[in-house]
Amino acid sequence: MSERISGAEALMRSLEYQGVDVMFGYPGGAIMPTYDALYDHRKTLNHILVRHEQGAVHAAQGYARVSGRVGCAMVTSGPGAMNTITGIADAMMDSTPVVVICGQVGAAQLGTDAFQEVDVIGVTQPITKWAFQIRRAEDVAWAVSRAFFVASSGRPGPVVLDFAKNAQTGMVDYEPVDVNFIRSYVPYPEPKEGSIEAAAKMIDDSVKPFVLVGQGVELGNAREELKAFLEKAELPAGCTLLGLSALPSDHPLNMGMLGMHGNLGPNVMTNQCDLLIAIGMRFDDRVTSDVRTYAKQAKVLHFDIDQSEIGKNVKVDLSVLGDCKRTLAEVTKLIRPATHKAWIAGFEPYKEKEQNMVIEPAIHPTDGPLLMGEVVNEVSEQTGHEAVLVTDVGQNQMFACRYFKFTRGRSVLTSGGCGTMGFGLPAAIGATFGAPERKVCLFTGDGGLQMTIQELGTIMEQKSPVKIILLNNNYLGNVRQWQYMFFNKRYSFTPMLNPDYEMIASAYGIKSRTVVDRKDLAAAVREMLETDGAFLLQCAVKEEDNILPMIPPGSGVGDMLLEVK
C-alpha cells in the first residue's frame, strides 16, 4: 500500500530499498530538503561527511571497488556538482559503479541562470552510463532503481541523478520500484553462435598462447573461472594494472604486470606469442604502447562484455562476447588439457634479468637513501600480502603496484584510465567502509596527498583506520622522471617545498612517524600496522629515484628500458 511522502523522503526509502547503507556527501542549498529527510534515516543510511565533493565520489569509488557494491555520493548543485566531475570521469574510465545524486534548482528556474544552477546533465552525459534530471517527485523511485540497475549491470559505471528542488519538496504516493529491464540496453549480451567452440579450437591449436588478464575478471567475479581456465591448458598470463589482484601474485602461471612500467617478461613475450587471449581488458595505450608493432605475429582472441571494446584499439581475429564468468567456464569445458612448458620456460631469462638488474636493487638496497620499492615490499611482507592496496598517482602508484603482492581479489584500488592525482586518500577512506575487516594501506606521494589532504578531516571524524604511507621525495616524481629522461633534465616546476606532515597529522589527531634511515623501516611499519586507527608513516625516499623498467613513449612493448643513463 502506498504512502504519501515528499520526494526527498522517497529518495531515502528508495536508497534503502536498493540496499544502500553507506553514502558519502556534502550538503548545500539545493539539496537541503533531501539532507533534512536524511536526518531521520541516520541509523540506516550512514552518511559520511567528506571535506570536498571530489572526495565524496572517490570515496564512493573506493567503497565500490572493494565491496563489489554500488557506491553512492550526494552533493548540492552548481559548484558542488561540478566538484564531482573528476571522480565521475575517473569512475567511467575504470568501470566503477557509483550513483551520484546532485541537488538542482527548481524546475521552474531551469535555464534562468539561477543561483548555483549548472547544466549538470549536459556536462555529465559524456562521462556517465546514464544521466537523468528528476523534475517530479513521481519519478524518484523509478529513477533511483534504474540508476542502480544501470550502474551495476553489464560493464559497470557511474550514473548521475540531477534532483530538482521542487521534486524534493513535492509529494508523491510512494511505492518501491524494481527496474531490471531497459529496452535496447543489453548488459549481458549472448555470445555469438559458434564463438565458444571457435575460441576453444583456437586455444587448442596454439603453441605459444599468452593471456592478458584485465579488471573485467574482478568485475565479473570470475577469479575462480580464470584459474580453472589457465590451469587446464597451462596458459601463462600477465595482468593489467587494475587486474593485478584477479590472479594471486604467486600463482605459477602469473608472469607479472603488463604495461609501461610492468614486468619485462610479459611485455617482451607479447611480441613472441602466437595467440593473445585478452580477458576483460580494453587494450589501453599504456598496455599496448605503439599499436603498430603490438603483437603483429599473433592471432588475437578477445573476451569482453562490452561490444564497443572489440576491435577498438587492436584488431581481433575472434571475439567472445558476454559475461566472462560464464564464457570462460564454457570455453574451459571444451579446451583440451595441455602443457606449454617450453613456452613458459621462455619467460624465465627475462624474469631473471629483471630480478637482478631492477627488482633486487629496488627492494633490497644495501646503502644510500630509502627507496620506494623497499618501503612497498616491507609493508606487503608485514601484511602477509592480504591487505587492500590503495595508491595515488605517479611514481608511488607504479612502485606500489609493482612490488605489492596479492593473495585476495578486489585488492587493488588505483586510478588507471584517468590517472587522477588526489584519488588515493578519499578512495582509501571509502575502502575502510567497503571492507572494514581488512587492512587498507595507502601509498601516496607528496604531490598527490596535497590534492585532497583535507580528507584527513574525514579520517579524524570517522576514525577511518587508513594506513597512509607517504613516499616523500620532494618532487612531482613521475613528471620529474620524464623531464630527466626526455626533457634534458629541465625540472620545470616539479621540485616541491613541502609542509611538516607530522604536524598536519597531529592537528587531525592522527598518529605519525617519519623514517629516514633504512634500519628503522621495519620497526616503523610494524608500529603503523599495530596502531589502532589511522597512521601516517612518512618515508624520506631518494629524491631522484626512477621507476623502471619503462617503455619509452613511441616505442613498442619489446623495447623496455631496464636502466637510465
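Look above for the structure.
Definitions and limits used
Residues numbered from 1 in each chain as written. Predicted model: local features only at pLDDT ≥ 70, side-chain atom pairs only at ≥ 80, totals over all residues. Heavy atoms only, no water. Helix = DSSP H or I, 4+ residues; strand = E, 2+ residues; numbered from the N terminus. Buried < 20%, exposed > 50% of the residue type's maximum accessible area, 1.4 Å probe, protein only. Lys, Arg positive; Asp, Glu negative; His and termini not counted. Salt bridge = Lys/Arg side-chain N within 4 Å of Asp/Glu carboxyl O. Polar contact = N/O pair within 3.5 Å; in protein donor to acceptor, adjacent residues only side chain to side chain. Contact = heavy atoms within 4.5 Å. 1 Å grid on protein atoms, 1.4 Å probe; cavity = no way out; pocket = protein on both sides within 12 Å on 5 of 7 lines; lining within 4 Å. Points joined across faces, edges and corners; volume = space filled by probe spheres on them. Nonpolar A, V, L, I, M, F, W, Y, C, P; charged D, E, K, R; others polar. Core = buried A, V, L, I, M, F, W, Y, C linked by side-chain atoms within 4.5 Å. Pairing = 2+ DSSP bridges.

(A) The side chain of K467, seen in detail. Relative to the assigned elements, K467 resides in strand β18 (residues 466-472). No salt bridge is formed by the buried K467, whose closest oppositely charged neighbour, D532, lies at an N-O distance of 6.5 Å. Only 2.5 Å separates the side chain of K467 from the backbone oxygen of T531, close enough to count as a polar contact. Here the side chain of K467 touches G533 through a polar contact of 2.5 Å, landing on its backbone oxygen. Beyond its immediate sequence surroundings of up to four residues, K467 is in contact with K439, V440, C441, L442, M528, L529, T531, D532, G533 and F535.

(B) Spotlight on empty space enclosed by the protein. Inspection of every chain in the model, using the stated rule, returns two cavities of 30 Å³ or more. Reported here for the largest cavity is a volume of approximately 80 Å³. Looking at the largest cavity, the residues that line it are R65, Q215, E218, L219, L242, S245, R410, S411 and V412. In the lining of the largest cavity, the residues fall into three nonpolar, three polar and three charged. In this structure, the second largest cavity occupies an estimated 30 Å³ of space. Every residue lining the second largest cavity is listed: L449, L456, I468, Y501 and L536. Looking at the lining of the second largest cavity residue by residue, the classes come out as five nonpolar, no polar and no charged.

(C) Broad picture of the pattern of salt bridges. Under the counting rule described, the total for this entry stands at 24 salt bridges. Of the charged contacts in the structure, one is a salt bridge between R155 and E309, with a shortest N-O distance of 2.7 Å. Linking R155 in the loop between α7 (140-152) and β7 (158-164) with E309 in the loop between β13 (299-304) and β14 (318-321), this pair joins segments that are 154 residues apart in sequence. Judged by its relative accessible area of 5%, E309 is buried. Across the pair E225 and K325 runs a salt bridge whose closest N-O atoms are separated by 3.0 Å. With E225 in helix α11 (residues 223-232) and K325 in helix α14 (residues 324-334), this pair connects stretches of sequence that are 100 residues apart.

(D) Representation of helix α5 (residues 85-93). Within α5 the residues assigned to the buried category are I85, G87, I88, A89, D90 and A91. Its buried side turned inward, α5 meets α3 (53-67), α4 (79-82), β5 (98-104), α6 (120-124) and β7. Note on α5: the residue one or two positions beyond its end, S95, has a positive phi of about 55°.

(E) Just the environment of R42, in detail. Topologically, R42 is positioned in the loop between α2 (32-38) and β3 (46-49). Along the chain, R42 and V150 lie 108 residues apart, while their C-alpha atoms are 26 Å from each other.

(F) Focus on the nonpolar core. F229, L276, I279, L301 and F443 are the most contacted members of the largest nonpolar core, which totals 100 residues. Setting aside residues up to four positions removed in sequence, F229 forms contacts with I203, V211, L235, I277, I279, L328, V331, T332 and I335. Listed in part, the 38 residues of the second largest apolar core include A37, V70, V144 and V179.

(G) Molecular detail of unusual backbone geometry. Note that the residue after L548, namely P549, is joined by a cis bond; omega there is 0°. One non-glycine residue, H385, lies in the positive phi region at around 60°. Not every positive phi belongs to a glycine, and R410 is a case in point at roughly 50°. Structurally, R410 can be placed in the loop between α18 (395-403) and β16 (412-413). For R410, a relative accessible area of 17% corresponds to the buried category.

(H) Molecular detail of the layout of surface pockets. Empty space within the second largest pocket amounts to approximately 750 Å³. Contributions of two or more residues to the lining of the second largest pocket are made by β11 (254-257), α12 (264-270), α16 (348-363), α17 (372-382) and α18. Looking at which element gives the most residues to the lining of the second largest pocket, the answer is α16, with six residues. Along the lines of polarity and charge, the residues of the lining of the second largest pocket split into 12 nonpolar, 10 polar and seven charged.

(I) Fine view of the pairing of β5. In terms of burial, β5 is a largely internal element, seven of the seven residues being buried. The alternating pattern of β5 places V98, V100, C102 and Q104 on one face and V99, I101 and G103 on the opposite face, and all of these are buried. Here five bridges tie strand β4 (residues 71-75) to β5, and the two strands are oriented parallel to one another. Residue pairing for β5: G71 is matched across the bridge by V98. Bridge count for β5 against β7 is seven bridges, and the pairing is parallel. Bridge pairing in β7 places V100 opposite V160.

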